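Examination of the molecular architecture
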Amino acid sequence: MNFFEHHSSGDFLRGFGLVEIVLAIGIITMSLYAVSGVARSSLELNRRVLEGLQAQFLAEESAEALRFLRNKNWTEITSLTVDIPYFMSFATTTWPLSTATTSINGFYRTIVVSNVNRDTNDRITLSGGTLDQGTKKIIITVSWWGGIATTSRSVTLYLTDLL
């Protein structure tokens, strides 16, 4: 006598429904877990891209503000001590620069002014040459805490005295 002679076909198939349900629930659970992981990674990537864009806009805003200060009065640029980090903030109608650290929604923008030297062909040189009183090198760095480390974006530009 074998197993199938003692059990009717209905009894034998009744257990398969429960196994299939448990298996389906397991597959659905794993699929939802994978989808939630992709969604979480996507949100993290979007946050990083947004922070990078905000930093880039702050750097560009700083460059425009420095051009405004240059157009207003070149001595506002030349009076800055070279190779000292300055921080910029907006105050009603001006862009004051100070050595006091300022934060804009967790972003820190630093502005460093350097002298520029030119060679005998009037090209900018990194060493030697003569000091160009009418040109300054500006490095704008925007940094922020990126979740696991400090992240930064930098913009370098040269400002010249237009008058």
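Computed from a prediction, not measured in an experiment: that's the story for all the values here.

Here we come to the overall build of the protein chain. Tallying secondary structure elements over the protein chain gives 3 helices and 6 strands in all. Reading the helices (α) and strands (β) of the protein chain from amino to carboxyl end gives α-α-α-β-β-β-β-β-β. For the protein chain, whose C-alpha radius of gyration is 32 Å, the value lies well above the compact-globule estimate of 15 Å for 163 residues. C-alpha extents for the protein chain along the principal axes are approximately 110 × 40 × 25 Å. Across the 163 residues that make up the protein chain, the buried fraction comes to 23%. Residue pairs at least 24 apart in sequence account for 51% of intrachain contacts in the protein chain once pairs closer than 6 positions are excluded. Surface summary for the protein chain: the accessible area is close to 11100 Å², and the carbon and sulfur share equals 62%. Taking the average location of the 13 positive side-chain charges in the protein chain and that of its 14 negative ones, the two points are 6 Å from each other.

Quick look at the pairing of strand 1 (residues 85-88) now. Of the pairings in the sheet, the one linking strand 1 to strand 3 (residues 107-118) comprises 3 bridges and is antiparallel in character. Bridge pairing in strand 3 places Pro85 opposite Val112. Taken together, the 2 bridges between strand 1 and strand 2 (residues 97-98) define a ladder with antiparallel strand orientation. When the bridges of strand 2 are listed, Phe87 appears paired with Ser98.

Counting across every chain of the model gives 9 salt bridges. Between Glu64 and Arg67 there is a salt bridge whose closest N-O contact spans 2.8 Å. Of this pair, Glu64 and Arg67 both sit in helix 2 (residues 9-72), 3 residues apart, which is roughly one turn of that helix. According to the relative accessible area criterion, Arg67 is partly exposed, its value standing at 30%. Three or more residues joined by partner-sharing salt bridges are found here, namely Glu44, Arg47, Arg48 and Glu51.

What follows deals with the nonpolar core. Within the largest apolar cluster, 22 residues are counted, with the highest numbers of intra-cluster contacts made by Leu66, Ile138, Ile140 and Leu159. If you list the elements that add at least two residues to this core, you get helix 2, strand 1, strand 3, strand 5 (130-145) and strand 6 (150-160). Ranked by the residues each element gives to this core, the list is headed by helix 2, at 7 residues. When near neighbours in sequence (up to four residues on either side) are disregarded, Ile140 contacts Ala59, Ser62, Ala63, Leu66, Thr110, Ile111, Arg153, Ser154, Val155 and Leu157.

Assignment of secondary structure puts Arg70 in helix 2. The side chain of Arg70 sits in the buried core without any salt bridge; Asp161 is the nearest counter-charge, 6.9 Å away. Only 3.4 Å separates the side chain of Arg70 from the backbone oxygen of Thr160, close enough to count as a polar contact. Discounting chain neighbours no more than four positions away, the residues touching Arg70 are Ile77, Leu159, Thr160 and Leu162.

Our focus in this paragraph is the packing of aromatic side chains. Under the counting rule described, the total for this entry stands at 1 aromatic pair. With 5.5 Å between their ring centres and 45° between their planes, Phe107 and Trp144 make a pair best called tilted. Remark: Trp144 occurs in strand 5 and Phe107 occurs in strand 3; sequence separation between them is 37 residues. Judged by relative accessible area, which is 6%, Phe107 ranks as buried.

Attention shifts here to the pairing of strand 6. As defined by bridge partners, strand 5 adjoins strand 6 across 11 bridges and the pair is classed as antiparallel. Looking at the pairing, Ser143 lines up with Ser152 of strand 6. Here strand 5 folds back onto strand 6, and the loop between the two strands holds 4 residues, one of which, Gly147, carries a positive phi near 105°.

Definitions and limits used
- Residues numbered from 1 in each chain as written.
- Predicted model: local features only at pLDDT ≥ 70, side-chain atom pairs only at ≥ 80, totals over all residues.
- Heavy atoms only, no water.
- Helix = DSSP H or I, 4+ residues; strand = E, 2+ residues; numbered from the N terminus.
- Rg over C-alpha atoms; globule rule 2.2 N^0.38 Å.
- Buried < 20%, exposed > 50% of the residue type's maximum accessible area, 1.4 Å probe, protein only.
- Contact = heavy atoms within 4.5 Å.
- Areas by Shrake-Rupley, 256 points an atom, 1.4 Å probe, with all protein chains shown as cover.
- Lys, Arg positive; Asp, Glu negative; His and termini not counted.
- Charge placed at Lys NZ, Arg CZ, Asp CG, Glu CD.
- Pairing = 2+ DSSP bridges.
- Salt bridge = Lys/Arg side-chain N within 4 Å of Asp/Glu carboxyl O.
- Core = buried A, V, L, I, M, F, W, Y, C linked by side-chain atoms within 4.5 Å.
- Polar contact = N/O pair within 3.5 Å; in protein donor to acceptor, adjacent residues only side chain to side chain.
- Phe/Tyr/Trp six-rings, centres within 6.5 Å; stacked < 30°, edge-to-face > 60°.

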